[in-house]
Amino acid sequence: MAIVTESAPAAAPSTAAAQPQETVDGFKLVIEALKLNGLDTIYGLPGIPITDLTRRAQADGIRVLSFRHEQNAGYAASIAGFLTQKPGICLTVSAPGFLNGLNALAHATTNCFPMILISGSSEREVVDLQQGDYEEMDQLAVAKPICKAAFRVLHAEDIGVGIARAIRAAVSGRPGGVYLDLPAKLFAQSIEAEAGRKSLIKVVDPAPKQLPAPDAVKRAMDLLKSAKKPLIVLGKGAAYAQADADIKALIEKTGIPYLPMSMAKGLLPDTHEQCASAARSFVLPEADVVMLIGARLNWLLSHGKGKTWGGKSSKDWGNQKFIQVDISPIEADSNVRIDAPVVGDIGSVVAAFLKDIASVPRAPADWVNAINERKSKNVAKMGETLAKDPSPMNFHSALNVVRDIVKANPDAMLVNEGANALDFTRSIVDMYKPRKRIDVGTWGIMGIGMGYCVAAAVVTKQQVIAIEGDSAFGFSGMEVETICRYDLPVCIVVMNNNGVYRGTDVDPTGRDPAPTVFVKGARYDRIIEAFGGVGANATTPAELRKAMEEAIRSRKPTLINAVIDETAGTESGRITGLNPTAKKK
Ligand SMILES: Cc1ncc(C[n+]2csc(CCOP(=O)(O)OP(=O)(O)O)c2C)c(N)n1
Ligand SMILES: [Mg+2]
């Protein structure tokens, strides 16, 4: 470890033997602890007490991406964690900056992304007596309920341990968000350089493999062998695991149809013959054995019950038997009975399945044929809709262009948020490679957009394409400056339908714009021009195609305002059913 040391006068300069002592301060120890563990990027926003931490981290070779709002830095860190299996680091100032970062910390925890939110904080003795310190807040207490673990370091000697604990907590088992509280005084503490050196920890095996129990594997394989209508559901946990080749082998060797959840799209190409996405509403209620790999039976899968799964009412279970592969032993039975839980890391579990794969009969032909029939009907129907060229553009005609562009650029990262802009993109735009699609995740949050764009570009170095609802874009829009500042190859397409879901609502009293409606005909493209990026206004698919192709050719930060028919969307996109509507008079 190369700790650059500073000379400081020894504590007691009275004797003749006093030598200048090599010391190291808290700033340096934090930086060295991160570097020692391969954490080479910080997403943050400077200010008291961490300004010098950002400067010195940059000087010491850590990449420091400085944002305009901590929430976006936090989302960037969270998705960096998903993409790299290393905790994404978000760095903020105390109280308000910390609070701005919390949304992303909670998001990381909910989505099982490894992330560490490091926030500076005010002085313990003042905070704890509530004496009104600058940005006073008991941040540790506030963070605790929404993250996987939270730690505070008070002594420079403990920085190494603090960061090691944060790393282990973030990436081991089910990954999640971790909070690390670093009070202002810690940074200026100096300790002897040699003691500092010794105190740092290079974490050994931070995310240990968790091998499944052989009897659990056998139970699952026996159930799978008995299936007449098997189905595999791939969740974003399967994408996170980076066990791509084994997952592909499991699916292809068994011939079992599979359904990718949103961020698992591309684990196998969406155009794969076994992909059942286009027959989702047929396969879920019909399947008799469902293997969930890194997918939870939460609201995104209708909790594994109700009409979606062939139940008679919303609480009624279907006739499926479930195999659930998950690293968390308490995930099973969370919503319905899990007949064969297999606890372990997805890579190890799928590898164990593969050992016995030859004895699994191929998915029965009548099941596969029935699915293919539905698929071709739905694909043909979608083809007709996509071929239309209405004026103004609608989501379909615009996304038909995006679909082509992504097909031609399968390595590009696709960021996606909005309601209709999200749901239509997910179903229309095929993905071809793993971990290329990153979106609103488990909560369906707006605001991940520009933070994800920055992290995706920085981590993967690939072209990034962001398909953004106009409302969704607004949550992080100021970060187009960040994208321009770092000159990142990001092409943002704002699907501008003048509002949230649609642009057609009116205030019945005639006083104000309706709550769901924005300035009509807004030119989002002009925002990026203020920072030297390329803006384009697209009113036709041809204009959109040209602008996107040019963005990808030039790799310049680009924002395309895609003018979408304001009547085209539906309330809440695909999840209208979750929206309680006031009784109409
Ligand atoms: C943080 C957060 N706030 C509010 C919402 C509620 N919400 C869901 S989608 C959406 C915006 C939808 O509008 P837009 O992004 O323009 O997509 P469109 O349907 O118009 O394509 C909002 C505000 C949310 N999901 N997350
Ligand atoms: Mg909109």
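Scroll up to find the structure.
Computed from a predicted structure; not experimentally measured.

J.: Just checking my understanding: could you explain the overall build of the chain for this structure?
T.: Looking only at helices and strands, the chain has 22 helices and 20 strands in total. The C-alpha atoms of the chain give a radius of gyration of 26 Å, which matches the 25 Å a tight globule of 585 residues would have. Expressed as lengths along the three principal axes of its C-alpha atoms, the size of the chain is roughly 90 × 65 × 50 Å. For the chain, buried positions account for 55% of its 585 residues. Counted over contacts in the chain with a minimum sequence separation of 6, partners at least 24 positions apart contribute 76%. A total accessible area of about 24,600 Å² is found for the chain, and carbon and sulfur atoms account for 54% of it. One finds the centroid of the 66 positive side-chain charges in the chain at a distance of 6 Å from the centroid of its 63 negative side-chain charges.

J.: Is there a simple way to think about the site of ligand 1 in this case?
T.: What surrounds ligand 1 is a group of 17 residues, the closest being Asn420, Gly444, Asp470, Ser471 and Ala472. Here asparagine 420 contributes a backbone N or O atom positioned 2.8 Å from an oxygen atom of ligand 1. One of the backbone nitrogen or oxygen atoms of serine 471 is found 2.9 Å away from an oxygen atom of ligand 1. With the chains in place, 76% of the 590 Å² that ligand 1 exposes on its own is no longer accessible. Residue assignment for the shell around ligand 1 shows that the elements contributing at least two residues are helix 17 (420-428) and helix 19 (470-474). Element by element, the count of residues in the shell around ligand 1 is highest for helix 19, at 3 residues. Along the lines of polarity and charge, the residues of the shell around ligand 1 split into 9 nonpolar, 7 polar and 1 charged.

J.: I tried to follow the pattern of salt bridges on my own but got confused; where do I start?
T.: Pairing between side chains becomes possible if they bear opposite charge and their charged atoms approach one another. Applying the stated criterion to the full structure yields 31 salt bridges. One salt bridge in this structure joins arginine 55 and aspartate 52, with 2.7 Å as the shortest N-O distance. A residue pair is termed a helical-turn pair when its members lie 3 or 4 positions apart in one helix, as arginine 55 and aspartate 52 do in helix 2 (residues 51-59) at 3 residues. Of the residues examined, arginine 55 reaches a relative accessible area of 52% and is grouped as exposed. The class for aspartate 52 is partly exposed, based on a relative accessible area of 34%. Taking the shortest distance from any N to any O, the salt bridge between arginine 437 and aspartate 439 comes out at 3.0 Å. Bridged by salt links that share partners, the residues Arg124, Asp128, Asp138, Arg152 and Asp181 form one connected network.

J.: Where do I start with the packing of helix 16 (residues 395-408) against helix 22 (residues 541-554) in this structure?
T.: The geometry of helix 16 relative to helix 22 is characterised by a closest axis approach of 9 Å and an angle of 30° between their N-to-C directions. Compared by their axis directions, helix 16 and helix 22 come out roughly parallel. Both helix 16 and helix 22 take part in a crossing whose hand is right-handed. For the pair helix 16 and helix 22, contact is made by Ser397, Ala398, Val401, Val402, Asp404 and Ile405 and by Pro541, Leu544, Arg545, Met548, Glu549 and Ile552, respectively. The residue makeup of the contact of helix 16 with helix 22, split by class, is 8 nonpolar, 1 polar and 3 charged.

J.: Quick question: what am I supposed to make of the packing of aromatic side chains here?
T.: A full pass over the atoms with the stated rule returns 9 aromatic pairs. A centroid spacing of 6.4 Å and a plane angle of 35° characterise the contact between phenylalanine 82 and tyrosine 240, whose relative ring orientation is tilted. Taken together, the residues span a long stretch of sequence, with phenylalanine 82 in helix 3 (residues 70-84) and tyrosine 240 in helix 11 (residues 236-240) at a distance of 158 residues. The exposure class of phenylalanine 82 is buried, given its relative accessible area of 0%. Three or more aromatic residues joined by ring pairs make a cluster, and in this case those are Phe82, Phe113 and Tyr240. Taking NZ or CZ as reference, arginine 374 lies 4.0 Å from the ring centre of phenylalanine 282, over its face.

J.: Looking at this structure, I do not really get the side chain of threonine 558. What am I missing?
T.: Mapped onto the elements of the fold, threonine 558 is located in strand 20 (residues 558-563). A distance of 2.8 Å separates the side chain of threonine 558 from the backbone oxygen of lysine 556, its partner in a polar contact. In this structure, threonine 558 is in contact with Val490, Cys491, Ile492, Ile528, Val534 and Ala551, ignoring residues within four places of it in sequence.

J.: How do you make sense of the sheet that holds strand 14 (residues 340-343) when you look at a structure like this?
T.: Either a parallel or an antiparallel arrangement is found when strands of a sheet pair, and the pairing is made through backbone hydrogen bonds. Spatially, the 5 strands line up as an open sheet ordered 11-10-12-13-14, and their pairing is parallel. Every interior strand has two partners, whereas the edge strands, strand 11 (258-260) and strand 14, have only one. With strand direction ignored, the average angle separating the axes of adjacent strands in the sheet is 15°. The sheet contact formed by strand 10 (residues 230-234) and strand 11 spans 3 bridges and is parallel. Paired with leucine 234 across the strands is proline 260, a residue of strand 11.

What counts, and at which threshold
- Residues numbered from 1 in each chain as written.
- Chains lettered and ligands numbered in written order.
- Predicted model: local features only at pLDDT ≥ 70, side-chain atom pairs only at ≥ 80, totals over all residues.
- Heavy atoms only, no water.
- Helix = DSSP H or I, 4+ residues; strand = E, 2+ residues; numbered from the N terminus.
- Rg over C-alpha atoms; globule rule 2.2 N^0.38 Å.
- Buried < 20%, exposed > 50% of the residue type's maximum accessible area, 1.4 Å probe, protein only.
- Contact = heavy atoms within 4.5 Å.
- Areas by Shrake-Rupley, 256 points an atom, 1.4 Å probe, with all protein chains shown as cover.
- Lys, Arg positive; Asp, Glu negative; His and termini not counted.
- Charge placed at Lys NZ, Arg CZ, Asp CG, Glu CD.
- Near = heavy atom within 4 Å.
- Polar contact = N/O pair within 3.5 Å; in protein donor to acceptor, adjacent residues only side chain to side chain.
- Nonpolar A, V, L, I, M, F, W, Y, C, P; charged D, E, K, R; others polar.
- Salt bridge = Lys/Arg side-chain N within 4 Å of Asp/Glu carboxyl O.
- Axes fitted to C-alpha atoms, helices over the stretch in contact; angles between N-to-C directions.
- Parallel < 35°, antiparallel > 145°, perpendicular 65-115°, else oblique.
- Left-handed = near helix turned anticlockwise from the far one by under 90°.
- Phe/Tyr/Trp six-rings, centres within 6.5 Å; stacked < 30°, edge-to-face > 60°.
- Lys NZ or Arg CZ within 6 Å of the ring centre and 35° of its normal.
- Pairing = 2+ DSSP bridges.

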